Amino acid sequence: MKECLTKACQAIAMKRWTTKCWLTSLTCSIPTCMRKISGSTYAVYDPKKKELDSKHKRSADIKAQLKFVHPQSEMSIIAKQIVQDAQKTNSQHNLQVLRKQATVEQFSQKIEGLKTNMQKIEMEIPDKPLTYSLKDVEYAENNWLKNLSKTVEFVTFDNKQKDGLQIKPSPLLGTEDPNIPPSKVPCVGCGAHLQCQHNTFPGFLPSEYFKIHTEKDLKSTLCQRCYYIRHCEAFKEVTTNPKEFAEIISKIRPTKSLVVMVVDLMDINGSIVPNLMQYIGFQHEVIVVGNKADLLCPDTPDYLVNVTHQLQKACADAGVSKIRKCTLISAKTGFGIERLISTLLTAYKKKVDVFIVGTANAGKSSLFNALLASDYCKHTARDLIERATISVWPGTTLNLLKFPIMRPSSHNFTLRVIRLKQEEAMRKEERRIKHLTTMSEKEKVWQLKGDVRTTDIRNINQRQADETVIPWGQNIAALKVRSDGTVKLIESEKKSQPFEEEAYSESYWTYDTPGVINPNQIINMLTPEEAPLLAPAQMLVPQSLIFKPGETVFVSGLARMDFLESDDSVLLTVHCGPKIPIHVIPTTEADEFYAKNVGTHILGLPIGNKDRLLKLPSLVGNEFSVNGVKDKLAVADIQLSSLGWISIAPNGEKSVKMRAYTPGGIGLFLRMPALLPFHTSYKGKRIAGTPFFETRPPGWIMSKKKIDIPAIV
């Protein structure tokens, strides 16, 4: 018997499997499919389903833990079989038992223990088998969330959006103290003055934290709202007045400054600050920056030229004058940032401050952080100034944030130019080598990105001096013994000193301003759990479809377009985020379809019950007429505010009439010509039985473009 047990233990050690043993109520290492003892097989757990993928692995573990099997039949058979195997008598087996009687007695005691544990389990397990599915688990979690939301203040968590689950609330820690006046120290993340009087006002800190910190400590402190956004992926709503943001922008008027207006390329017309020149004055030069260029799906290799032209035209039509330059960037991937920095450094000779302005969620704070970590900020202040808080929710910045601008001396500017040329030469060489070698499909995916780095402006003597004082080896920490005998670790690393503005009194500054609320943007109507669904994280994947007269297309529950008149069908290309559902139905059934599915997962947005839906304005439509030019060319776009836009490509030179709807009719614009007119770059094969076409991989045109770059000598 001992040899059999030894073999079983060896097999167990080799397999390294772990499961729950109902006989011992302990976790033991055994094969999950079969247990073999003395040559006999005992079926304990036999999973018939295939292994779940990693996405549902946690759910499978929950179901395995909650699945109870009644052991009266299976466990009794197993116990009897174990006893029978232990009592088998043959000459060789009896000889081994007689020689090692002590081992058999120990084994018999274990069997008695198994029986006792089995009886306890039978008393604890109900008569009928219980099986809990994943839906039961989700239902229990949702009920817990609903009950919890009634007792604590609501905070939106973005990480649950990724799994498609409900937004869960979290309690706010700390208490208020209305007797303590607010400080004059701004939050390093959003710029709001820190206070502990009311937790729904900007800059709130719990009174327990606010009282024990000095003014010097507060200079490097985040407010509770910024802390939630950065460390908890949560959003806490605060009470703000949009008119105050406009007043902050108005302070630019009497200053001598340069204005950088950030425009969201996903919503060009809606993200241009309304009446900008009336706020800042007509004497200021403006640099127009089109952000989120990495989200545009290219239709031709030279698509950025057309986008830049359309951006400049839209700004001029909106009344923006004295445009110094119009450029495209991506504050997220770094594309175009170095080019923008070079433009800003050339403007330093004018001796002006720089103000970054724009509407909410245009990407001003992301651009501010990119400039702060680059050559544009003084190198002595880069590590002292806290980065601005950024999030997918609009209205994160609540007051002015700033950093000192680096003075571009001839020496520093020359070193910067040399660095940029070297990096460009290295990128060209890397692209040349890639095109000479065989690349996988994954490597052929094209992306608009760039590197934002800093220039080493030290001379040879400074560099050698810094290298000689670089510490080496591990950090040394001190230990302090308390009176109670416990040991406390004293860290040797010192915290960075707070940024002292007085040390840069002669510098010029770059300011990040709060986002102006544009009433023509749908995103301002959405709740904190709805807003992240509009923000695409990757390049848009345009969806092409055949649109016939008498049909209606729904872009989520926030936009609708009816085909009113035409002699022939048209080709539509919908440019929106991947989480926005698209439905095409007959116009006669559109009202019934909308009333039935609004607020559900079928239409996606908006989210919520009837009370939430009643807070949104009804869908209001505007008519648009478009005349075709030639085949295979989109002639116009209908902008659907923050959702995206729809490109229209009539068949030949025919005229079509459409009616587009949004809540309250806001954010509807007709853009001619189209921003990305060559729709055939996206359209693949027709999907059988549907009006939709397959979509080609985003950026495939750029990845297949031949690049003839000579070798670097």
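Just so we're clear, the structure is a prediction, and the values are computed from it rather than from any experiment.

(A) Highlighting the packing of helix H15 (residues 337-346) against helix H16 (residues 364-372). Look at H15 against H16: their axes get within 11 Å of each other, and the N-to-C directions meet at 75°. Judged on the interaxial angle alone, H16 and H15 are roughly perpendicular. For the pair H15 and H16, contact is made by Ile337, Leu340, Ile341 and Leu344 and by Leu367, Ala370 and Leu371, respectively. Looking at the contact of H15 with H16, its residues break down into 7 nonpolar, no polar and no charged.

(B) Examining unusual backbone geometry more closely. Here the residue pair leucine 605 and proline 606 is connected by a cis peptide bond, since its omega of 0° sits within 30 degrees of zero. As for its placement among the helices and strands, proline 606 is situated in the loop between helix H19 (590-597) and helix H20 (610-614). With an omega of -5°, the peptide bond between methionine 672 and proline 673 qualifies as cis. Turning to its location among the elements, proline 673 is positioned in the loop between strand S24 (668-671) and strand S25 (683-686). The phi dihedral of asparagine 361 falls on the positive side, at around 70°, and the residue is not glycine.

(C) Geometry of the pairing of strand S8 (residues 286-291). For S8, a buried count of 6 out of 6 residues is recorded, marking the element as mostly surrounded by other parts of the structure. What you see with S8 is no split at all: Val286, Val288 and Gly290 on one side and Ile287, Val289 and Asn291 on the other are buried throughout. Two strands pair when backbone bridges link them, and strand S7 (residues 257-264) and S8 are joined in this way by 6 bridges, in the parallel orientation. Residue valine 259 lies in a different strand from S8, and its bridge partner there is valine 286. As defined by bridge partners, S8 adjoins strand S9 (residues 323-328) across 5 bridges and the pair is classed as parallel.

(D) Molecular detail of the packing of aromatic side chains. Scanning the model with the defined rule gives 7 aromatic pairs in all. Ring geometry for phenylalanine 547 and phenylalanine 563: centres 5.4 Å apart, planes at 25°, overall stacked. One end of the pair, phenylalanine 547, is in strand S15 (residues 543-547); the other, phenylalanine 563, is in strand S17 (residues 559-565), with 16 residues separating them in the sequence. You can call phenylalanine 547 buried: its relative accessible area is 0%. With a centroid separation of 6.0 Å and 10° between ring planes, the pair formed by phenylalanine 554 and tyrosine 594 is classed as stacked. A residue pair is termed long-range when its members are at least 10 positions apart, and phenylalanine 554 in strand S16 (residues 551-555) and tyrosine 594 in helix H19 qualify at 40 residues. Note on tyrosine 594: relative accessible area 24%, which makes it partly exposed. In this structure an aromatic cluster arises from ring pairing among Phe368, Tyr376 and Phe403.

(E) Examining the pattern of salt bridges more closely. Scanning all chains against the criterion turns up 19 salt bridges. Notably, a salt bridge pairs glutamate 338 with arginine 419, separated by 3.3 Å at the nearest N-O pair. Linking glutamate 338 in helix H15 with arginine 419 in helix H17 (residues 410-436), this pair joins segments that are 81 residues apart in sequence. On the basis of relative accessibility, which here comes to 10%, the residue arginine 419 falls in the buried class. Aspartate 375 serves as the salt-bridge partner of arginine 416, at 3.0 Å between the closest nitrogen and oxygen. Of this pair, arginine 416 sits in helix H17 while aspartate 375 sits in the loop between H16 and strand S11 (401-404), and the two are 41 residues apart along the sequence. The exposure classification of arginine 416 matches that of aspartate 375, with both residues buried.

(F) Layout of the side chain of threonine 359. Residue position: threonine 359 is located in the loop between strand S10 (353-358) and H16. Threonine 359 gets classed as buried once you look at its relative accessible area, which sits at 0%. Excluding residues within four positions of it along the chain, threonine 359 makes contact with Gly270, Ser271, Ile272, Val273, Lys364, Gly515, Val516, Asn518 and Gln521.

(G) Looking closely at a positive patch on the surface. On the surface, Lys256, Lys322, Lys350 and Lys351 cluster together into a patch of positive charge. You can see lysine 322 is positioned in the loop between helix H14 (303-317) and S9. Using a relative accessible area of 42% as the deciding quantity, one classes lysine 322 as partly exposed.

(H) Summary view of H15. Most of H15 is tucked away: 7 of the 10 residues are buried. Those residues of H15 lying buried are Ile337, Glu338, Leu340, Ile341, Thr343, Leu344 and Leu345.

(I) Spotlight on the confidence of the model for the protein. With 67% of its residues at a pLDDT of 70 or more, the protein has an overall mean of 74. In this model, residues 470-477 is a region of pLDDT below 50 whose contacts with residues beyond four sequence positions or in other chains number 5 contacts. Low pLDDT, under 50, characterises residues 706-713; the predicted model gives this stretch 10 contacts beyond four residues in sequence or across chains.

What counts, and where the lines are drawn
- Residues numbered from 1 in each chain as written.
- Predicted model: local features only at pLDDT ≥ 70, side-chain atom pairs only at ≥ 80, totals over all residues.
- Heavy atoms only, no water.
- Axes fitted to C-alpha atoms, helices over the stretch in contact; angles between N-to-C directions.
- Helix = DSSP H or I, 4+ residues; strand = E, 2+ residues; numbered from the N terminus.
- Parallel < 35°, antiparallel > 145°, perpendicular 65-115°, else oblique.
- Contact = heavy atoms within 4.5 Å.
- Nonpolar A, V, L, I, M, F, W, Y, C, P; charged D, E, K, R; others polar.
- Buried < 20%, exposed > 50% of the residue type's maximum accessible area, 1.4 Å probe, protein only.
- Pairing = 2+ DSSP bridges.
- Phe/Tyr/Trp six-rings, centres within 6.5 Å; stacked < 30°, edge-to-face > 60°.
- Salt bridge = Lys/Arg side-chain N within 4 Å of Asp/Glu carboxyl O.
- Patch = residues over 30% accessible without salt bridge, like charges linked within 9 Å, V, L, I, M, F, W, Y side chains within 5 Å.
- Areas by Shrake-Rupley, 256 points an atom, 1.4 Å probe, with all protein chains shown as cover.
- Lys, Arg positive; Asp, Glu negative; His and termini not counted.
- Charge placed at Lys NZ, Arg CZ, Asp CG, Glu CD.
- pLDDT = per-residue confidence, 0-100.

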